[in-house]
Amino acid sequence: MSSIQVCILFTILMMTSPSYSAEKSPLPEEAILNKHLQLVRKLNATELRNARYAIQRKQLAEKLIGEAERTEDSASRYALLLTAQKLYLTGDDFIGAFQIVDLLHNDFQIDSLKTKTEILETAASQRLLNRQFKQVYFLIPPLIEEAIQNNNFETATALANLAKKIATKTRVHRYETAAHETRLELNDLQKQYSEFIQNQKSLQQAPQDQKLNLEIGRYLCFVKNEWPQGLQRLAQGGDEPLANLARSESEKGTDPLELGAAWWKTAEMLQGLSAKHVRQHAAVWYRKALPQLEGNQKTEVEQKLNELAPTESIKATLVAPRKYSRMIAQDQHRGNAGDRPEATTYYLNFPHPVSLNDLRLRIQGHAAQLNDTCNGAIFISIDGGEWLGVSGWTTESSRQALKFQGWVELEFTSPDDLLVRQLRVLFQYQSGKSAYVINQVMSVE
């Protein structure tokens, strides 16, 4: 990314939106901000000069974020965060840059949606790697939904067009298909919004009109995800099944399982955002019912709730090593079998967000004593999250590794194309310090 492009992105953050919470600070005056920016650059001159690689920029950005959290001066905080974001952007780390926008939006009067959109538009014009375009693509859908909730269909449409453009650059066909479907859905949602505005005006003249109440209620619940007000309208609407459902929400003695099932069935007749919101509402009632359920009923409800959760099921297979273009992260704890702890955590900090599906985890160690009880397990933690058991380890695994001078690899498959900035790896010996002892772990792509 050129310095001119960075400056463009840098300036975007100065933009303000029409209205803000009174609790947020105004942007510092330009002269005061420039003074603080110069001070930040002066105090960190050596580190800024030496931050030639993405991982170094990331580490320095995290340091500046920490300083920003500790300072009580708003102008100083703003300057520190802007400098941190510039470091992320020069490393094409758009996830990090977005985190800075969120931090700024928490305290200052900036339009975060507009800022993020313009950052992504600039990113789309860059010559990025395929994995970087994937990173940009995954940042777009939440922004589209935010724009829809704000009735900002102009921005939502711009983002949908951007998603289609980025999807093409990822060369992943399902992304292109999803982007095209989103664009079509937006056309329909914008039409529904126009009708909603007109229906609201008409309802003022005919507050008991069942058709108007039904259409307004459907829009509020299904599209806007605003259920309290929307249910009141549905209860007065002309669709009897929906009206009964809406009234049941406030009646005593309502069976939460039946209500959850009814809303879930309603969602099956919808598509896109509407289906998503109705399933989310059904889940509210399913969760209320769950503690009293058992057997097949409990299993069925749990399966439906799992459908709503992000799919983070990760499969990993131990495979033979092969050649790669490069190593991107490494950690090592060398030692002998007798002086090593039974479980050691390895930290792999990536210089940029990487798709888990593009990685192989390369493990290297040495043999101690192979026997039939030398079992273990490999766990990973993505960006500091919960530990996930991804693979077992047996005597046969150790023997396989020894065939390749102590090397073996773990190949990942994730249905979500999870993006990872840090991978923690735990190799846990279940039989003490015998068998195969890990010396180092690295990620390659």
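Model, not experiment: these values are computed from the prediction. (Residues numbered from 1 in each chain as written. Predicted model: local features only at pLDDT ≥ 70, side-chain atom pairs only at ≥ 80, totals over all residues. Heavy atoms only, no water.)

Draft legend 1. Examining the overall build of the protein chain more closely. Along the protein chain, the regular secondary structure elements total 17 helices and nine strands. Here the protein chain holds 445 residues, and the buried ones make up 48% of them. The long-range fraction of contacts in the protein chain, counting pairs at least 24 apart against all pairs at least 6 apart in sequence, stands at 71%. Accessible surface, the protein chain: about 22700 Å² in total, of which carbon and sulfur atoms supply 47%. (Helix = DSSP H or I, 4+ residues; strand = E, 2+ residues; numbered from the N terminus. Buried < 20%, exposed > 50% of the residue type's maximum accessible area, 1.4 Å probe, protein only. Contact = heavy atoms within 4.5 Å. Areas by Shrake-Rupley, 256 points an atom, 1.4 Å probe, with all protein chains shown as cover.)

Draft legend 2. A look at the packing of helix α15 (residues 272-289) against helix α16 (residues 295-308). As a packed pair, α15 and α16 sit with axes 10 Å apart at the nearest point and diverge in direction by 140°. What the angle tells us is that α15 and α16 run oblique. Read as a crossing pair, α15 and α16 show a hand that is left-handed. Contacts from Arg-279, Gln-280, Ala-283, Tyr-286 and Arg-287 of α15 reach α16 at Val-301, Lys-304, Leu-305 and Leu-308. Within the contact of α15 with α16, the residues separate by chemical class into five nonpolar, one polar and three charged. (Axes fitted to C-alpha atoms, helices over the stretch in contact; angles between N-to-C directions. Parallel < 35°, antiparallel > 145°, perpendicular 65-115°, else oblique. Left-handed = near helix turned anticlockwise from the far one by under 90°. Nonpolar A, V, L, I, M, F, W, Y, C, P; charged D, E, K, R; others polar.)

Draft legend 3. Molecular detail of empty space enclosed by the protein. Counted according to the given criterion, the structure contains two cavities of 30 Å³ or more. Of the voids in this model, the second largest cavity is the one considered here, and its volume is about 30 Å³. Among the elements of the structure, α4 (54-70) and α5 (74-90) are those that each provide at least two residues to the lining of the second largest cavity. Of the residues forming the lining of the second largest cavity, the biggest block, three residues, is contributed by α4. Tallied by class, residues from the lining of the second largest cavity come to four nonpolar, one polar and three charged. (1 Å grid on protein atoms, 1.4 Å probe; cavity = no way out; pocket = protein on both sides within 12 Å on 5 of 7 lines; lining within 4 Å. Points joined across faces, edges and corners; volume = space filled by probe spheres on them.)

Draft legend 4. How the structure looks around the side chain of Lys-224. Within the secondary structure layout, Lys-224 lies in the loop between α11 (210-223) and α12 (227-235). The buried charged residue Lys-224 lacks any salt bridge, with Glu-226 as its nearest oppositely charged partner at 4.2 Å. Within polar-contact distance, the side chain of Lys-224 engages the backbone oxygen of Gln-149 at 2.4 Å. Other than its neighbours up to four places away in sequence, Lys-224 contacts Ile-148, Gln-149, Asn-150, Asn-151 and Tyr-219. (Lys, Arg positive; Asp, Glu negative; His and termini not counted. Salt bridge = Lys/Arg side-chain N within 4 Å of Asp/Glu carboxyl O. Polar contact = N/O pair within 3.5 Å; in protein donor to acceptor, adjacent residues only side chain to side chain.)

Draft legend 5. Broad picture of the packing of helix α6 (residues 94-107) against helix α8 (residues 130-149). Closest axis-to-axis distance for the α6/α8 pair is 9 Å, and the angle between their directions is 35°. For the pair α6 and α8, the contacting residues are Phe-94, Ile-95 and Phe-98 in the first and Gln-135, Val-136, Leu-139 and Leu-143 in the second.

Draft legend 6. Here's a closer look at the environment of Gln-59. Following the sequence through the fold, Gln-59 ends up in helix α4. Put simply, Gln-59 and Asn-349 are 290 residues apart on the chain and 9.7 Å apart in space, counted from C-alpha to C-alpha.

Draft legend 7. Main features of unusual backbone geometry. Phi angles above zero are rare outside glycine, and Asn-151 is one such case at about 60°. Residue Asn-151 is classed as partly exposed on the basis of its relative accessible area, which comes to 27%. Even without a glycine there, the phi angle at Asn-225 is positive, about 60°. Following the sequence through the fold, Asn-225 ends up in the loop between α11 and α12.

Draft legend 8. Layout of the side chain of Ser-355. Following the sequence through the fold, Ser-355 ends up in strand β3 (residues 343-355). According to the relative accessible area criterion, Ser-355 is buried, its value standing at 1%. With residues up to four places along the chain from it excluded, the contact list for Ser-355 reads Asp-417, Leu-418 and Leu-419.

Draft legend 9. Molecular detail of the pattern of salt bridges. Counting across every chain of the model gives twelve salt bridges. Note that Lys-134 and Asp-358 form a salt bridge whose closest N and O atoms lie 3.9 Å from each other. With Lys-134 in helix α8 and Asp-358 in the loop between β3 and β4 (360-367), this residue pair connects regions lying 224 residues apart in the sequence. In this structure Lys-134 comes out as buried when scored by relative accessible area, which is 10%. Here Glu-409 and Arg-362 are joined by a salt bridge, their closest N and O atoms 2.7 Å apart. Of this pair, Glu-409 sits in strand β7 (residues 407-413) while Arg-362 is found in strand β4, placing the two residues 47 residues apart along the sequence. As far as the burial class goes, Glu-409 and Arg-362 line up, both buried.

Draft legend 10. Inspection of the confidence of the model for the protein chain at higher detail. Per-residue confidence for the protein chain gives a mean pLDDT of 83; residues scoring 70 or more make up 87%. Ranking the helices and strands of the protein chain by mean pLDDT puts α11 first, with 95, and helix α1 (residues 3-12) last, with 42. Confidence drops under a pLDDT of 50 for residues 1-22, and excluding neighbours within four residues, the segment shows 45 contacts in the predicted structure. (pLDDT = per-residue confidence, 0-100.)

Draft legend 11. Layout of the nonpolar core. Tyr-78, Phe-94, Leu-104, Leu-120, Ile-140, Ile-148 and Ile-166 are the most contacted members of the largest nonpolar core, which has 65 residues in total. Aside from chain neighbours lying at most four places away, what touches Ile-148 is Phe-153, Ala-156, Leu-186, Leu-189, Val-223, Lys-224 and Leu-273. Within the second largest apolar cluster, 28 residues are counted, among which are Ile-314, Phe-350, Leu-418 and Ile-438. (Core = buried A, V, L, I, M, F, W, Y, C linked by side-chain atoms within 4.5 Å.)

Draft legend 12. Region of interest: the environment of His-333. Here His-333 lies in the loop between β2 (327-332) and β3. For the pair His-333 and Thr-344, spaced eleven residues apart in the sequence, the C-alpha separation amounts to 8.0 Å.

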